[in-house]
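Take a look at the letters that make up each chain.
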Amino acid sequence: MEIEKHLAELAQADPQARRAALEAVLAAESLTPELQEQEADEHHKAARNYLLYTADKDDKGPLLCAHYDAHPGSTGANDNAAGVCILIALAKELQQRKIPATIAFFDGEESGHSGAKLFEEGRTREVSCVVNLDMCGYGDTIAVYARGSENRAGARPFCAKERMAVHHAELVKYMPEGDNVCFTTRRQPVVSLAVMPKWDTKYLTAMAAQGMGLLGRTPEFKAMLGEMEVSSTMHGGFRDAVKWVQPEAMQMLYDYLLDSMTTPPPAKKLFGIF
């Protein structure tokens, strides 16, 4: 399927219309999700997640996730309908090949990560790795953030240097906060993926060096975030619209994910030799 096939349908500013569009797209692609819902109360925000299993539900594999909600007032084309489209296409391919993975479309990332929190609080099954997609349709470089766990077994398929070189991917030391923050309390590795212009990864390196002070992020940190070109494609920025999303960027990340899921990573070297 064309990777951007459903982008315009999913890129809607109205939250209810956006959710209805996701349900219609999943039905059109013969993907039957498991619903996970909670109503709002004094402790929780309302959320509705859509979960897919590409093989037997009990088979251990990675959790591949993307939020389907959008920043208030924005159509959320790059943040994050592009990531949702990539996972829909990937789910169909993995199902056909019977490769185990859990595919999750999370609600509420833009309002406190309510969907990811709902999923994680009720989860009893272990996964090999959490792979979170956010801002995946603009740029020429895949940014891979693994929080230092890139050599752990579950993360290695997504962080192998040889694979990253082939797919124009780069390991970075910082990534703006997303649903990934909800999965750092367990022992499984967490990998965050985004696509951005290559120069933006240099800003990420500089931002990582800033650290987090007692009073929060420095003005310099915030200035660098604002200077990143990809920032205009998120949180209602002027490039967070369908006309700015690049199908070739989406395809690049899809190919990288499919390669990671179907080809074992190179064997680890021992003392510089195999």
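Everything quoted here is computed from the prediction, not taken from an experiment.

Q: Whenever I open this one, the overall build of the chain confuses me. Can you help?
A: Each helix and strand in the chain was counted, giving nine helices and eight strands. Computed over C-alpha atoms, the radius of gyration of the chain comes to 18 Å, within 12% of the 19 Å expected from 2.2 N^0.38 for 274 residues, which places it in the range of a compact globule. Overall, the chain is about 55 × 45 × 40 Å in size when its C-alpha atoms are taken along their principal axes. Burial analysis of the chain (274 residues in total) assigns 53% to the buried set. Residue pairs in contact within the chain that sit at least 24 positions apart in sequence constitute 80% of those at least 6 positions apart. Summing over all exposed atoms, the chain offers an accessible surface of approximately 12,900 Å²; the carbon and sulfur share of this is 53%. Mean positive and mean negative side-chain charge positions of the chain (29 and 38 charges, respectively) differ by 7 Å.

Q: Quick question: what am I supposed to make of the nonpolar core here?
A: Nonpolar side chains tend toward joint burial in soluble globular proteins. L64, F105, L133, L193, L253, Y256 and L257 are the most contacted members of the largest nonpolar core, which has 55 residues in total. At twelve residues, helix 3 (residues 77-97) tops the list of elements feeding residues into this core. Residues contacting F105, with those up to four places away along its chain left out, are L22, L26, R48, N49, Y50, L52, A66, Y68, V84, L87 and I88.

Q: Just checking my understanding: could you explain the pattern of salt bridges for this structure?
A: Note that side chains of opposite charge can pair when their charged atoms are close. Applying the stated rule across the entire model yields twelve salt bridges. Residue R19 pairs with D107 through a salt bridge whose shortest N-O separation is 2.6 Å. With R19 in helix 2 (residues 15-28) and D107 in the loop between strand 4 (102-106) and helix 4 (114-121), the pair connects residues that are 88 residues apart, well separated along the chain. The pair R19 / D107 is uniform in exposure class, with both members buried. Where E126 meets R186, a salt bridge forms, and the shortest distance between an N and an O atom there is 3.1 Å. One end of the pair, E126, is in the loop between helix 4 and strand 5 (130-133); the other, R186, is in the loop between strand 7 (169-171) and strand 8 (190-196), and 60 residues separate them in sequence. Bridged by salt links that share partners, the residues E120, R123, E126 and R186 form one connected network.

Q: Hey, could you run me through the sheet that holds strand 3 (residues 63-67) in this one?
A: As summarised here, the arrangement of the eight strands in space is 1-2-4-3-5-8-6-7, forming an open sheet in which the pairing is mixed. Among the strands making up the open sheet, the edge pair consists of strand 1 (34-38) and strand 7. Direction aside, neighbouring strands of the sheet carry axes that sit 20 degrees apart on average. The pairing of strand 6 (residues 141-145) with strand 7 spans three bridges and is classified as parallel. When the sheet's bridge partners are listed, A143 is paired in strand 7 with E170. Against the sheet, helix 2 touches strand 2 (47-53) and strand 4, its axis set at about 15 degrees to strand 2. Its contacts with the sheet put helix 9 (residues 247-262) on strand 3, strand 5, strand 6, strand 7 and strand 8, and the angle it makes with strand 8 is roughly 150 degrees.

Q: Whenever I open this one, helix 4 confuses me. Can you help?
A: Since there are 3.6 residues in each turn of an α-helix, residues three or four apart along the chain are aligned in direction. Of all eight residues in helix 4, six are buried; the element is thus mostly enclosed. Within the sequence span of helix 4, burial applies to S114, G115, A116, L118, F119 and E120. Those residues of helix 4 hidden inside the fold are in contact with strand 1, strand 2, strand 3 and strand 4.

Q: Explain the packing of aromatic side chains to me, please; I cannot follow it from the model alone.
A: For any pair of aromatic rings, the description rests on two quantities: the centre-to-centre distance and the angle between the ring planes. Applying the stated criterion to the full structure yields seven aromatic pairs. Each ring, one from F106 and one from F119, has its centre 5.5 Å from the other, and the planes form 55 degrees; the classification is tilted. Of this pair, F106 sits in strand 4 while F119 sits in helix 4, placing them 13 residues apart in sequence. One exposure class covers both F106 and F119, and it is buried. Each residue in the set F106, F119 and F183 is aromatic and connected to the rest through ring pairs, giving one cluster. The side chain of R217 reaches across the aromatic face of F221, ending 4.2 Å from its centre. Here the basic side chain of R239 rests over the ring of W244, its NZ or CZ set 4.9 Å away from the ring centre.

Q: Is there a simple way to explain the packing of helix 3 against helix 9 in this structure?
A: Relative orientation and spacing of two packed helices are given, respectively, by the angle between their axes and the distance between those axes. At a minimum axis distance of 10 Å, the contact between helix 3 and helix 9 shows a crossing angle of 35 degrees. With respect to the hand of their crossing, helix 3 and helix 9 are arranged in right-handed fashion. Along the contact surface, helix 3 presents A82, C85, I86, A89, L90, E93, L94 and R97, while helix 9 presents M250, L253, Y254, L257, L258, M261 and T262. Grouping the constituent residues of the contact of helix 3 with helix 9 by class yields twelve nonpolar, one polar and two charged.

Thresholds applied
Residues numbered from 1 in each chain as written. Predicted model: local features only at pLDDT ≥ 70, side-chain atom pairs only at ≥ 80, totals over all residues. Heavy atoms only, no water. Helix = DSSP H or I, 4+ residues; strand = E, 2+ residues; numbered from the N terminus. Rg over C-alpha atoms; globule rule 2.2 N^0.38 Å. Buried < 20%, exposed > 50% of the residue type's maximum accessible area, 1.4 Å probe, protein only. Contact = heavy atoms within 4.5 Å. Areas by Shrake-Rupley, 256 points an atom, 1.4 Å probe, with all protein chains shown as cover. Lys, Arg positive; Asp, Glu negative; His and termini not counted. Charge placed at Lys NZ, Arg CZ, Asp CG, Glu CD. Core = buried A, V, L, I, M, F, W, Y, C linked by side-chain atoms within 4.5 Å. Salt bridge = Lys/Arg side-chain N within 4 Å of Asp/Glu carboxyl O. Pairing = 2+ DSSP bridges. Axes fitted to C-alpha atoms, helices over the stretch in contact; angles between N-to-C directions. Phe/Tyr/Trp six-rings, centres within 6.5 Å; stacked < 30°, edge-to-face > 60°. Lys NZ or Arg CZ within 6 Å of the ring centre and 35° of its normal. Left-handed = near helix turned anticlockwise from the far one by under 90°. Nonpolar A, V, L, I, M, F, W, Y, C, P; charged D, E, K, R; others polar.

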